[in-house]
Every structure is written in structure tokens, then in C-alpha cells.
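# Results of the structural survey
Spelled out, the chains give:
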Amino acid sequence: MRLGVLDIGSNTVHLLLVDAHPGARPVPFASHKRPLSLVQYLDADGNITDEGQHELTEFVLEAWEFAARHKADDLLAFCTSAIREATNGPAVLARVKHETTVTLQELTGSEEASMTFFAVRRWYGWGAGTVLNFDIGGGSFEMALGQDELPELATSVPLGASRLTRDWLHEDPPSAKSVKELRRYIRATLKPVVRNFNEVGRANVLAGTSKTFRSLARIAGAAPSAAGPYVKRDLNRADLGIWAQRISAMKSEDRLHLPGVSEARAHQLLAGALVAEAALELFEYKKIKICPWALREGLILRRLDQLVFDGPLEPAPHVGVVQQASALPAR
């Protein structure tokens, strides 16, 4: 069957279609995405502006039509921190449903962290033992730890790369003072979280998902995406520290010359590097493995499990009600 996942993130809006059946890995069929930093459309009161809402609804319409045109059997549509933390988030969701007929399911931070962890566990398997996963998005930073398929502890903090860039790094390149203040803020935010995780236990494998970790690993010498998902990619803490220092002295336009850095993400690369560096230091890990599967794959795999155990497709209880479609109708 062909499954679609519509991901309304803080940096991009992305529809992924995969061909899959229970017991097999999902194989990507087609993808449709657009850079859209909803965090940049927040006004002084934390509302997503009318312009941002218009851009969002336009893409959701495109995605729905794309899925229908390619004969998707089922569509999971969800949103994460950009809408979850917006003051007018419920109104934005209502507008999207009214103008597109698509219901976006709002994932909580812990649900987002848990479903990402689920994908990481499936990628590395039971032999990995206890896994700790980091995911740096545009609006938030998710962490999850456990030895089962779903984590024992999953949490989210507002340390997304786009959000931190908007709130702390106003110059290009940023001043040494602003970088120092941001480092202090990141560590102050993470310290109580680290204490909670330390009480649960130590991981055998530290994994990193998200474009931020992939870009940082590529800059530090990891294989390019063209080499395929099965090439092992690591990011060493020592290399990360060196590159965080180098990036802090670069303008956004200069970062574009670094391997694996897109124009849409160049401006927020430093903030992402500072979060990654602080997390590895405070959790006391020397390196992190880059996992190619993340939230979208987690939701797809969870959906496939329901076909095995429950028969007809039903909403995954861990992520709430999601829109279903059987042979999505063309608009």
C-alpha cells in the first residue's frame, strides 16, 4: 500500500509518500516539500501571522492534491512545535481544516520525541541496547531514552535552531557576546533535563536525527547523502566544538560554501551547533551516530504495525487521532 505522511515542521513542510506493507521496510516513492519557517512568521504576541497561515494552507492543498494524484491509500497529517507553541495555534489548525479539509494532528513534545525514538529503535534494532536520541528541529529540541520500542523518558525543550537564531542571534555574523549569552541559556535550559535522564540510566547508543545533525556531520567529514542511508555516519564532540567556533565567525552567506548546508538553513546552523555541542558535553558523550530515520518514519512504522495487530487502520494511540483516507479523493 502507499502511505503518506504530511509533516508540518518548524523549518519545512514536507509530504513523504512511501510504498510499504507489514514486515517490510518502507520504500520512499515520492516527496514534495517546501522551506517554510513558521517560527519566522510569529508576531510579537507569538501568533502565526496571516501571511504565514496563507503559506501553510497553500502547501497543505498542494500536498493533498499530490497525494491524491499519486494514489495514496492513507495520509497521516501532523504538526509539531511551530504550531503547538503558537498563541493562535488552535485557530491556525481550524483555518487549515476549513480551507483544505485536512485535519492536522498536533503532536505534543513528548509524542514527537517518542515517535522519533521508535524509528531510531527500529533502525538500530534490539542489539543496540539502551538508546538515547537527540533531534534538533526548528522550534524545539527532543530527547528520548529507553531500552524498549517506546522510550522510558521523552521530553522536549524550546531549543530549536530557528527559534534560538530569531531570539538570540540578531547580527550576521553574531557578536561574541550574543554567542556567549546563548551558550549560557542553552546550558541552563538543559541542565535540569540532563539530571532527569541521568536518573533513568546510561545509553549504549547515542543517536542524532534531524537535518541539523546531518549537516553538522557532513561538515565534519561524514559521507554525503548521495552515498545512501546505509553508510555509517558519526559526529565527534571534538570536531563539533571546532566547527561551532568556526561557524560563529562566518556570515550566513559564507556557510553556504560548507558541504551539506542549504540556503534555507545556513542562518540557523550556528544555533543548532551550539545546542548539539552543549547536549553532548552535558550528557557526557564523545560522539553521536547519525540515524537516517526520524519522526516521519516512526509514524509510518507505527501505522504498519496496526495492520499486523489490529486489522483495519485505526489511529495510533500514542499519537492520537490522525486523518485517514482510503484512496484519497482528488480535490
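Our structure's up above, just so we're on the same page.
Read on for an overview of the structure. (Residues numbered from 1 in each chain as written. Predicted model: local features only at pLDDT ≥ 70, side-chain atom pairs only at ≥ 80, totals over all residues. Heavy atoms only, no water.)

Let's shift gears to the side chain of Ser248. Its place among the elements puts Ser248 in helix α8 (residues 237-248). Among the polar contacts listed, one links the side chain of Ser248 to the backbone oxygen of Gln245, at a separation of 2.6 Å. When residues no more than four places from it in sequence are discounted, the contact partners of Ser248 are Pro173, Pro174, Val179 and Leu270. (Helix = DSSP H or I, 4+ residues; strand = E, 2+ residues; numbered from the N terminus. Polar contact = N/O pair within 3.5 Å; in protein donor to acceptor, adjacent residues only side chain to side chain. Contact = heavy atoms within 4.5 Å.)

With that settled, the discussion passes to the pairing of strand β11 (residues 287-290). Only one face of β11 is covered, namely the face carrying Ile288 and Ile290; the face carrying Lys287 and Lys289 is uncovered. Taken together, the two bridges between strand β9 (residues 205-209) and β11 define a ladder with parallel strand orientation. Within β11, the residue paired with Ala207 across the bridge is Lys289. Across three bridges, the pairing between strand β10 (residues 234-236) and β11 is antiparallel. Note on β11: the bridge partner recorded for Leu235 is Ile288. (Buried < 20%, exposed > 50% of the residue type's maximum accessible area, 1.4 Å probe, protein only. Pairing = 2+ DSSP bridges.)

Before going further, it helps to examine unusual backbone geometry. Looking along the chain, the bond that leaves Asp172 and enters Pro173 is cis, with omega of 0 degrees. Among the secondary structure elements, Pro173 is positioned in the loop between α5 (161-168) and α6 (176-200). Of note in the backbone geometry, Lys71 takes a positive phi value of approximately 60 degrees without being a glycine. One can find Lys71 in the loop between α1 (50-69) and β4 (74-79). The phi dihedral of Thr101 falls on the positive side, at around 70 degrees, and the residue is not glycine. Within the secondary structure, Thr101 sits in the loop between α3 (89-100) and β5 (105-106).

Any functional reading would require information that these geometric values do not contain.
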